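Here's the letter readout for the chains.
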Amino acid sequence: MNIRFGWLPALVAGLWAVDGSAKPLRVASLNLCADQLVLEMLEPVRIASVTWLARDATQSAMAEAAKGVTINYGRAEEIVPQQADLVLVGQFTAPAATAMLRRLGARIEMVEQPRDLAGVRREILRVGAILGEAERAEAIIAALDRRLGALPPPIEPRPVAALLRPNGVTAGPGSLVDDVLRVAGYENFAARLGLDRTDRLPLEALIMGRPDILVVDYRDFALPSLAQLQQRSPMVARAVPKRVVVPSWAWTCSGSAIAEAVERLAQARI
Amino acid sequence: MNIVAARGLGIALGARIVVDDLSLDLAPAQVVALVGPNGAGKTSLLRALAGLLARRAGSLSILGRPAETLAPRESAQAIAYLPQGGMSHWPLEAARIVELGRLPHRDAFAGLSGDDRAAIARAVEATGIEALLHRPFDQLSGGERARVLLARALAVEAKLMLADEPVAALDPAHQLHVMEILRARAAAGSAVVVVLHDLVLAARFADRILLMDRGRLVADGPPARVLTPEALAQVYGVEATFFEAEGTRFAMPWRRLSEASAKTI
Amino acid sequence: MREWSNARLLGTLGVLTAIAAIFSLGIGTLKIPPGDIWQAAWSSEPNVIRTVLIELRLPRTALALMVGASLGLAGAAMQGFLRNPLAEPGVVGISGMAALGAVVAFYTGLASAWSFAVPIGGIVGAGIGVALLQALAGRSGSTLTLILAGIALNAFAGALTSLALNLSPNPYAVYEILFWLMGSIADRTLEHLAFAAPLMVLGWLLLLGQGRALDALSLGEDAARSLGIDLRRTTWSLVLGAALAVGASVATTGVIGFVGLVVPHLLRPLVGHRPGRLLGASALGGALLVVLADMTVRSLALGVELKIGVLTALIGAPFFLALVLRGRRAFA
């Protein structure tokens, strides 16, 4: 490292005098899923900033809450002056920004993408502990479990649900969506086809296999794209007449919002 | 009946007037040579007669009817036009090129009729290109190409044949051959107008010479009467030498006249 | 190479195309035995195999045929009209302009108001392209001018297409440029076919009617006119016909390049270099080429399906290069 700037990290680290074990006073988040947890568990005064995506109502369950909080665009130079004790990042968060913050001595914790509901619970608890809000985390999980408990029980044989995302993407076994479908009382069409965790759903398979219901989480933009044509195509509607819309914000991340996804799916079964 | 009657023709290319107040009549069975210096308006006149260039003044009638009243098909059947620097953009077989001459006579998606084939055969015989029929155009020599394109024009069997410098870049044998074919066409009843630069060739094969200078027709008559020393000096700025051959006197450009020299002829 | 008679040439091409089309119906993501396909096709009750055939495989094969025919025919017509063997909708920028028109129509949401909006957008784009091309390179006939005009149009169209996609508020739009530039017949439905087909057929009719005019144009514009060809009408028919055929095609499948270059070039000796005869043959040849290319693309197990334009470019670009190098002296 350049000796001329050697004093800068030391200065900043000084600014950041962090005790890793104490409850972080101010938290910044560079990742949408981290945003959800932060907004759900902390009062605004303890939130240094969340990403701008948190205010998008189609992707973020906590969009309303995000309006009362500073937003960032994922750049290190925005975070530094905010003097956050803790920066939450995701697995794929801008590596350059993350590396820069690490070099400047910030405490970085990674939020993970859960693969099933158990993972959602684990992540809520883990992040809750990091944020020093363990009771809050447990309360969230209790509420989640209450809602899941109130669902109508699955009936055998289970109806088959096919998830259709833009560009024909679906979610196979080993994904969160797969687990949510199971809990909601369905069988995952993608599993029947032997597809991977993220794979394309061939339209021929959709027509031939005739799932009972189509699960769509399209975000309704004012203007179209080719990616969303399949979800809107009359042909797909002819092939699978019944469909349920689960908004993206319900199941992209951990958080109590996941209950919404399960509830909607379970209601659609009836 | 005259094949062409033109009165007071005026033609402009953009702002430039290229033909001015030109009148002429063309009778059948004639070879008429259109001569004059470069830029005199010969090609423009020819194109106007062919209906390819609009007139800005004067009247033109073809076969006794005003040119505007002729339908495109009638016009195409009555007039055959052989452009300068003849070419075929694609290496078609010679036979196919000649066949194109029958387009004015053929119906929309029809093939070649018996009449068409007969006309083509006559054109092929007149130009002597039987041996070339299945050769691609790009493999023919200059002289052979000229004859093939001429055959195409002959196949139209039009009453008016307009040829723009058909012998440019041909060797003497081919030049003479082309002119003989045009003479034969006239003998068969058409009016043939040929733009030429070679005054000897013009005088040899034409019944009548039209001499143009700067857009105007300055002389119209038999070769001996038109190609006088005065005319050649004034229009071309050349002095000619004269010779006799087969009982006719021919003028051959010999020397350029400069402004300064006051040569007496 | 000797010239083939109409019956032999069109017959051979027709039979090959029909065979290819039948095989094309047998290819899909699911392996369905031919016996089952045959049975399902003729069965009186509705069944899923027939639905797959009609809803997915039929539009795909039909579009491949029609787009191929449109591109082959338009290429042959443009070459005859411009008297230049390098003229081709993609090379001279017409396809690029069509894509621009279609992109503007689609991403501004016009398609939701009017189903024909995207094909018409493609047609308008292509029409503007042909008009610009005529203005830039029509009269002179020089290959150099033509290619330069094509480069300019392609650059212009490509840049504006990129811009339009970037400006779309829909976040998926910006990633879709590959579809428009490289073409794909995947997931095209009966609806796509229904809106594009009538426009393409209209274009075909306009183009196929110009056979005589193109033959006459071999001798140059003046000679053609003297043979009774109405050049103004010919120009309009060709501009409109090419715009309709290419515009509707590109609007449906993106740009599939080089078909209009390769097919007429290969077939030209077989029609004795006659531009008129080349039209029908190129339509069939183009249909055959695109169907075969589409079958190849579906049969390659490459994970995400290869864009068909990649395949035609892999064949066509070296072809184009060879043409240019071979004719270097001839092209001014």
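Residues numbered from 1 in each chain as written. Chains lettered and ligands numbered in written order. Predicted model: local features only at pLDDT ≥ 70, side-chain atom pairs only at ≥ 80, totals over all residues.

Undergrad: Honestly, the overall build of chain A in this entry has me stumped. Any pointers?
TA: The helix and strand inventory of chain A stands at 14 helices and 11 strands. If you line up chain A on its principal axes, its C-alpha atoms span 65 × 40 × 30 Å. Evaluated residue by residue, chain A yields a buried proportion of 43% over its 270 residues. Relative to all contacts within chain A whose residues are 6 or more apart in sequence, the contacts with residues 24 or more apart total 62%. (Helix = DSSP H or I, 4+ residues; strand = E, 2+ residues; numbered from the N terminus. Buried ≥ 20, exposed ≤ 12 C-beta atoms within 10 Å, placed from the backbone. Contact = placed C-beta atoms within 7 Å.)

Undergrad: What exactly am I supposed to notice about the sheet that holds strand 6 (residues 160-164) of chain A here?
TA: In a beta sheet, neighbouring strands pair by backbone hydrogen bonds and run either parallel or antiparallel. All names here are of chain A. Pairing within the open sheet is parallel, and its four strands lie in the order 8-6-10-11. Here the strands that pair on one side only, and so sit at the sheet edges, are strand 8 (187-188) and strand 11 (243-245). Pairing analysis gives three bridges linking strand 10 (residues 213-216) to strand 11, with the strands arranged parallel. From the neighbouring strand, V215 faces strand 11, where its bridge partner is V244. (Pairing = 2+ DSSP bridges.)

Undergrad: How do you make sense of the domain arrangement of chain B when you look at a structure like this?
TA: How big an interface is tends to be expressed through the accessible area that disappears when the partners come together. Residue and element names in this part refer to chain B. Along its sequence, chain B is organised into domain 1 (4-227) and domain 2 (229-265). Centre-to-centre, using C-alpha coordinates, domain 1 lies 28 Å away from domain 2. With 12 residues of domain 1 at the interface, the matching set in domain 2 holds nine residues. Mapped by element, the contributors of at least two residues to the side of domain 1 that touches domain 2 are helix 7 (199-205), strand 9 (208-213), strand 10 (216-221) and helix 8 (223-226). Ranked by residues supplied to the side of domain 1 that touches domain 2, first place goes to helix 7 with three residues. Partitioning the side of domain 1 that touches domain 2 into residue classes produces 10 nonpolar, one polar and one charged. (Domains from an automatic or database assignment. Nonpolar A, V, L, I, M, F, W, Y, C, P; charged D, E, K, R; others polar.)

Undergrad: Could you clarify how one ought to interpret the domain arrangement of chain A in this entry?
TA: Residues and elements named next belong to chain A. Per the domain assignment, the segments of chain A are domain 1 (3-111) and domain 2 (160-269). The straight-line distance from the C-alpha centre of domain 1 to that of domain 2 is 32 Å. Contacts between the two partners involve nine residues from domain 1 and, on the opposite side, 11 residues from domain 2. Residue classes in the side of domain 1 that touches domain 2 are distributed as four nonpolar, four polar and one charged.

Undergrad: Could you clarify how one ought to interpret the interface of chain C and chain A in this entry?
TA: Taken together, the contacts link 25 residues of chain C with 20 residues of chain A. Of all elements in the fold, only helix 3 (48-82), helix 4 (94-107), helix 5 (110-113) and helix 9 (190-208) of chain C reach the threshold of two or more residues within the side of chain C that touches chain A. By residue number, the principal contributor to the side of chain C that touches chain A is helix 3 of chain C, which donates five residues. Residues belonging to the side of chain C that touches chain A are distributed by class as follows: 12 nonpolar, nine polar and four charged.

Undergrad: Teacher, can you tell me more about the environment of A245(C) here?
TA: All names here are of chain C. Relative to the assigned elements, A245 resides in helix 12 (residues 231-253). Residue classification places A245 among the buried residues on the basis of 35 C-beta atoms within 10 Å. As for A245 and L100, which are separated by 145 residues in sequence, their C-alpha atoms are 15 Å apart.

Undergrad: What is the right way to read the pairing of strand 2 (residues 16-26) of chain B from this model?
TA: Along any regular strand, the residues point their side chains to alternate faces of the sheet. Residues and elements named next belong to chain B. With seven bridges joining them, strand 1 (residues 4-13) and strand 2 adopt antiparallel strand pairing. Pairing of L9 across the sheet is with L22, part of strand 2. Count of turn residues in the strand 1/strand 2 antiparallel hairpin: two residues, of which G14 carries a positive phi of about 70°.

Undergrad: Explain the arrangement of the chains here, please?
TA: Counting contacts across all two pairs of chains that touch, the top pair turns out to be chains A and C. The two partners chain A and chain B share no contact, and the minimum distance between any of their C-alpha atoms is 43 Å.

Undergrad: Help me out: how do you make sense of the interface of chain B and chain C in this one?
TA: Contact residues are listed per partner, giving 19 residues for chain B and 18 residues for chain C. Ranked by residue count, the leading element in the side of chain B that touches chain C is helix 2 (residues 72-78) of chain B, at three residues.

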